[in-house]
There are 2 protein chains.
Amino acid sequence: MTPRPTLEQVAAHAGVGRGTVSRVVNGSPQVSEQTRRAVEAAIAELGYVPNLAARALVTRRTGTVALVVAEGEERLFEEPFFARAVRGISSAVQASGRQLVLALSEGRPLERYLTPQHVDGVLLLSVRADDPLPRQLQGTGLPVVLGGRPDGVDVPHVDVDNAGGARAAVAHLLATGRRRIATVTGPPDMGAGRDRLAGYRDALAGAEALEVTGDFTEGSGYRGVRELLDRRPDLDAVFAAGDSMAVGALRALREAGRSVPGDVAVVGFDDSPLAAVTDPPLTTVRQPVEELGRAMAELLAALLAGEEPASRVLPTELVVRASS
Amino acid sequence: MTPRPTLEQVAAHAGVGRGTVSRVVNGSPQVSEQTRRAVEAAIAELGYVPNLAARALVTRRTGTVALVVAEGEERLFEEPFFARAVRGISSAVQASGRQLVLALSEGRPLERYLTPQHVDGVLLLSVRADDPLPRQLQGTGLPVVLGGRPDGVDVPHVDVDNAGGARAAVAHLLATGRRRIATVTGPPDMGAGRDRLAGYRDALAGAEALEVTGDFTEGSGYRGVRELLDRRPDLDAVFAAGDSMAVGALRALREAGRSVPGDVAVVGFDDSPLAAVTDPPLTTVRQPVEELGRAMAELLAALLAGEEPASRVLPTELVVRASS
DNA sequence: TCCCGCCGTGGGAGCGCTCCCGGCGAGCCT
DNA sequence: AGGCTCGCCGGGAGCGCTCCCACGGCGGGA
């Protein structure tokens, strides 16, 4: 509650000048060992903490990065994805000595706030491929790192290997003797949806493709599989591009009297907590979400340090359970 | 990319003094209508945005509030709880014109940062009743609002009606003819765990209590029900204080050859996404998580406005599905 | 008519910091 | 011995804003 000491007071207490204390605080080598110790003692004794506002005012850097979640990402709030990503991001951002400010753009005008005057950089979580935000932000000159895959624009980004995960899932189905493998895809306007579909087609290697479009919801998985069963009653595997859709798929198969994995194998994607409790437990593709967050923050830190870091694609991993 | 205009430049452009522009920006009534319009035009034309750092430096208020998630709250990251709470918080914080900074304390020293110099107030998400953080923060003189229930200390807080939800769950079981109703509790050092247990005991109204302690994990639900079945093979209902534990309970009952809801009814708590996909779908208690977040932020805003708002307890709601 | 008060306004001071320039010794070269 | 360099240090200036004091002009009361 007592007023925080200022640089000036620390300087007086240590018997040095303001500049010297500033140098010590900022780790400049231009200070003799002896002086440094005296200053550090004064800092400790007075409990000095730098005033960030004053520093930001003169350096023109705020020491904060914004995490922006694009509008319409409801999906992020229904699964642990967001929490896990935030966890990874937070840990890496704090490690870089910066603070994280959260901006969920729910129809609010972010442009006013997202300027070099307020934040040093932006982390953008957006799976929608046609999102205009990445491009907009790039226009402000603010360093941006995208979580997901940019569409067209060349934005530094971190993505997970959606295509590779889908390939692994389908390869696994083929290896276990399945031959009529259908898929319920994600929405075509999401990078994740498109890439998983691409992986599916790729792994099929000439075998017959059997596709129906979903939107990552349980209902779309259910309807998708019903349609698939109409079109091809003898299908023996379903690759659902998301776990919720896989849950819907299981429901549709059960209703249709198909046993899983006896008649039909099912593989999901995400390894959400759902996957472990379905009946039977779901084979699925796990993505390293916390690692994604951490990598995003690290990429941004590199950008802020003036480097030109490469975008990254993180590996996914097939988790085999009883449904396949 | 062009340097942002300053107050000074807006003033020159509008042909007025610096002070007048400041008054307009801050909505002071001490400005004539005509002058105000001229200044507003200049602001719009130049695209002026106030420099928050400069303002913070002189007002000694930062316009930011911190969301602190106490250490060891892994549970928050496995369920949509965190994401939903953040959503409510973010929306209300932005509505109050402030920004939200996120501080997940993973063993880092927060004290240095959590000072009136850096943030105006703190929102604390912590279900651990013995958490020392609320008390610590109160010592700094920083306004604090707790999400959950404080233990001993008198901290403004917002909680959900855990006891009421548990009472409703048990009342429902009694109303459907169940008589030997067991419970798997949450950990006794969490407010939610204790309150749900209290609600259970309360609703039992003299009927025989049958309790085993869990820790909100699926495994503890499974082990708890096995022990319960040993002690009382004829139990006909289980109230699990969390959905994950309820999932474990279902597994244990299935293994023991009990049908749900035929032999034993099961009720969970939380209404997590899991609840809708179990077999059978889970009757559970829904809590208004986004509303919790919003209420926390509103309480803090009131505190910052110098009011003395009352803590709140938000109602919970029983969602009846097939498991009971 | 004169004075007082009040509204609207301009601008000085100063928030706490970093940047940078200039100065002061001590050592080294010539 | 004189001059130069170089390491280390002090402190002025100024970042963009709010606060507040002082000032000019106008209306109303005496």
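Numbering of residues starts from 1 in each chain and follows the order in which that chain's sequence is written. For naming, the first written chain is A and the first written ligand is 1, with later ones following in the order written. A pLDDT threshold of at least 70 governs which residues receive local features in this predicted model, and a stricter bar of 80 or more applies before side-chain atom pairs are shown or counted, although totals over entire chains, interfaces and linings include all residues. Heavy atoms throughout the structure, all of them, feed into the side-chain values; hydrogens and water do not.

## Description of the overall build of chain A
Logical step 1: In terms of helices and strands, chain A carries twelve helices and twelve strands.
Logical step 2: Taking 324 residues into account, the globule formula puts the C-alpha radius of gyration at 20 Å, and chain A, at 26 Å, lies well above it.
Logical step 3: Here the C-alpha coordinates of chain A stretch approximately 85 × 35 × 35 Å along the principal axes.
Logical step 4: A 1.4 Å probe rolled over the protein chains alone gives each residue an accessible area, and that area as a share of the maximum for its type sets the label: buried under 20%, exposed over 50%, partly exposed in between. Per-residue burial for chain A yields a buried fraction of 55% across its 324 residues.
Logical step 5: Only heavy atoms matter for contacts: two residues are in contact if any of them lie within 4.5 Å across the pair. Taking the intrachain contacts of chain A between residues at least 6 apart in sequence as the baseline, contacts between residues at least 24 apart amount to 71%.
Logical step 6: Put simply, chain A shows about 13,400 Å² of open surface, and 50% of that area lies on carbon and sulfur atoms.
Logical step 7: Counted as positive: Lys and Arg. Counted as negative: Asp and Glu. His and the chain ends are not counted at all. Where a charge lies is defined by one atom per residue type: Lys uses NZ, Arg uses CZ, Asp uses CG and Glu uses CD. With 35 positive and 41 negative side-chain charges, chain A shows a separation of 3 Å between the mean positions of the two kinds. Runs of E in the DSSP output that reach at least two residues are strands. Runs of H or I that reach at least four are helices, and both are numbered from the N terminus. Just to be clear, the radius of gyration here is over C-alpha atoms, and the globule rule we use is 2.2 Å times residues to the power 0.38. Per-residue and other accessible areas were derived by the Shrake-Rupley procedure at a 1.4 Å probe size, with only the shown protein chains allowed to occlude residues.

## What to know about the protein's contact with DNA strand D
Logical step 1: A single heavy atom is enough: if one lies within 4 Å of a molecule or strand, its residue is considered near that molecule or strand. Neighbouring residues of DNA strand D: 27 residues in total, closest T20 and T35 of chain A together with L7, R18 and Y48 of chain B.
Logical step 2: For DNA strand D, the backbone makes up 66% of the atoms found within 4 Å of the protein, where backbone means sugar plus phosphate.
Logical step 3: Contacts described as polar in this section are N or O atom pairs within 3.5 Å, which, within protein, must combine one atom able to donate a hydrogen with one able to accept it, while residues neighboring in sequence count only if both atoms come from side chains. In the environment of DNA strand D, a phosphate oxygen lies 2.5 Å from a nitrogen or oxygen atom belonging to the side chain of Y48 of chain B.
Logical step 4: Backbone polar atom of N51 of chain B to a phosphate oxygen of DNA strand D: 3.2 Å apart, as the coordinates give it.
Logical step 5: Of all the secondary-structure elements, those providing two or more residues to the surface near DNA strand D are α2 (18–25) and α4 (52–59) of chain A together with α2 (18–25) and α4 (52–59) of chain B.
Logical step 6: Ranked by the residues each element gives to the surface near DNA strand D, the list is headed by α4 of chain B, at five residues.
Logical step 7: Classification convention: Asp, Glu, Lys, Arg as charged; Ala, Val, Leu, Ile, Met, Phe, Trp, Tyr, Cys, Pro as nonpolar; all other residues, Gly among them, as polar. Each residue belonging to the surface near DNA strand D can be placed in one class, and the counts come to ten nonpolar, eleven polar and six charged.

## Concerning helix α9 (residues 218–231) of chain B
Side chains three or four residues apart in an α-helix point the same way, a direct result of the helix having 3.6 residues per turn.
Residues and elements named next belong to chain B.
Logical step 1: One less than the number of residues in a helix, times 1.5 Å, gives the span that helix is expected to have. Relative to the 20 Å expected for 14 residues at 1.5 Å per residue, α9 spans 20 Å between its end C-alpha atoms, a close match to the ideal helical length.
Logical step 2: Within the sequence span of α9, burial applies to S220, G221, Y222, G224, V225, L228 and L229.
Logical step 3: Elements in contact with the buried residues of α9: β6 (181–185), β7 (210–213), β8 (237–240) and α10 (243–255).

## A look at the side chain of R36 of chain B
Residues and elements named next belong to chain B.
Logical step 1: If you trace the backbone, R36 turns up in helix α3 (residues 33–46).
Logical step 2: Buried charged residue R36 carries no salt bridge. Nearest counter-charge: E40, at 4.0 Å.
Logical step 3: At 2.9 Å, the side chain of R36 and the backbone oxygen of S28 are in polar contact.
Logical step 4: Once you skip the residues sitting within four places of it in the chain, R36 turns out to touch V24, G27, S28 and V31. Here a salt bridge means any side-chain nitrogen of Lys or Arg lying within 4 Å of a carboxyl oxygen belonging to Asp or Glu.

## Here we look at the protein's contact with DNA strand C
Logical step 1: Around DNA strand C sit 27 residues in total, of which L7, R18 and Y48 of chain A together with T20 and T35 of chain B are the nearest.
Logical step 2: Protein-proximal atoms of DNA strand C, defined as those within 4 Å of the protein, fall in sugar or phosphate at a share of 66%.
Logical step 3: At 2.8 Å from a phosphate oxygen of DNA strand C is found a side-chain nitrogen or oxygen belonging to S22 of chain A.
Logical step 4: For DNA strand C, a base nitrogen lies 3.2 Å from a polar atom in the side chain of R23 of chain B.
Logical step 5: Where the surface near DNA strand C is concerned, the elements lending two or more residues are α2 and α4 of chain A together with α2 and α4 of chain B.
Logical step 6: Per-element tally for the surface near DNA strand C: the top contributor is α4 of chain A, with five residues.

## Description of unusual backbone geometry
Residues and elements named next belong to chain A.
Logical step 1: Cis peptide bonds are those with omega within 30 degrees of zero, and the linkage from V260 to P261 qualifies with 5 degrees.
Logical step 2: By the element assignment, P261 lies in the loop between α10 (243–255) and β9 (265–267).
Logical step 3: The phi angle at A205 is positive, at roughly 45 degrees, despite the residue not being glycine.
Logical step 4: Using a relative accessible area of 65% as the deciding quantity, one classes A205 as exposed.

## Some points on the sheet that holds strand β11 (residues 312–314) of chain A
Logical step 1: Two strands are said to pair when DSSP picks up at least two bridges between them. Strand order across the open sheet formed by twelve strands is β11(A)-β5(A)-β4(A)-β3(A)-β1(A)-β2(A)-β2(B)-β1(B)-β3(B)-β4(B)-β5(B)-β11(B), with mixed pairing between neighbours. In the strand order of this sheet, the two ends are held by β11 of chain A together with β11 (312–314) of chain B, each with one partner. On average, adjacent strands in this sheet sit at an angle of 20 degrees to one another, irrespective of strand direction.
Logical step 2: Here five bridges tie strand β1 (residues 64–69) of chain A to strand β3 (residues 121–125) of chain A, and the two strands are oriented parallel to one another. By the bridge assignment for β3 of chain A, V65 of chain A is matched with G121 of chain A. Fitted lines through C-alpha atoms serve as axes, helices being fitted only where they are in contact, and the angles separating the N-to-C directions of these axes extend from 0 to 180 degrees.

## Remarks on the pattern of salt bridges
Residues and elements named next belong to chain A.
Logical step 1: Inspection of every chain in the model, using the stated rule, returns 40 salt bridges over all chains.
Logical step 2: The shortest N-O distance in the salt bridge between R232 and D234 comes to 2.7 Å.
Logical step 3: With relative accessibility at 21%, the residue R232 sits in the partly exposed group.
Logical step 4: Residue classification places D234 among the partly exposed positions, given a relative accessible area of 35%.

## A few points about the domain arrangement of chain A
Logical step 1: The source of the domain bounds is an automatic or database domain assignment. Domain assignment breaks chain A into domain 1 (7–50), domain 2 (64–158 + 289–313) and domain 3 (162–286).
Logical step 2: Spacing between the C-alpha centres of domain 1 of chain A and domain 3 of chain A amounts to 63 Å.

## Quick word on the interface of chain A and chain B
Logical step 1: Counting from both sides, the interface comprises 44 residues of chain A and, opposite them, 44 residues of chain B.
Logical step 2: Buried surface at the junction of chain A and chain B, both sides included, amounts to about 4,100 Å², of which 60% is carbon and sulfur.
Logical step 3: By the criterion of area lost to chain B, the three top residues of chain A are F77, R87 and Q117 of chain A, representing 15% of everything that side buries.
Logical step 4: Counting across the chain A and chain B interface gives zero salt bridges.
Logical step 5: Here chain A and chain B share three residue pairs in polar contact (both at pLDDT 80 or more) between them.
Logical step 6: Those elements giving two or more residues to the side of chain A that touches chain B turn out to be α4, α5 (81–95), β2 (99–104) and α11 (273–277) of chain A. Buried area is understood as the total, over both parts, of accessible area removed when two parts are fitted together, assessed with a 1.4 Å probe.

## Describing the relation of the copies chain A and chain B
Logical step 1: The operation relating chain A to chain B is a screw motion whose rotation component is 180 degrees, with 0.0 Å of axial translation and a residual RMSD of 0.1 Å. Each copy turns onto its partner about a two-fold axis.
Logical step 2: Interface overlap between copies is the fraction of interface residues in one copy that are interface residues in the other; for chain A against chain B it reaches 98%, indicating a shared surface. Superposing copies: least-squares fit, C-alpha atoms only, residues required to have pLDDT of at least 70 in both.

## Some details on the sheet that holds strand β7 (residues 210–213) of chain A
Residue and element names in this part refer to chain A.
Logical step 1: The four strands are arranged β7-β6-β8-β9 in an open sheet whose pairing can be described as parallel. Each having just a single partner strand, β7 and β9 make up the two edges of the open sheet. The sheet shows a mean angle of 15 degrees between the axes of neighbouring strands, taken without regard to direction.
Logical step 2: Summarising the sheet, strand β8 (residues 237–240) and β9 pair through three bridges and their orientation is parallel. What sits directly across from F239, in β9, is V267.
Logical step 3: Those strands touched by helix α9 (residues 218–231) are β6 (181–185), β7 and β8, and its axis lies near 145 degrees from that of β7.

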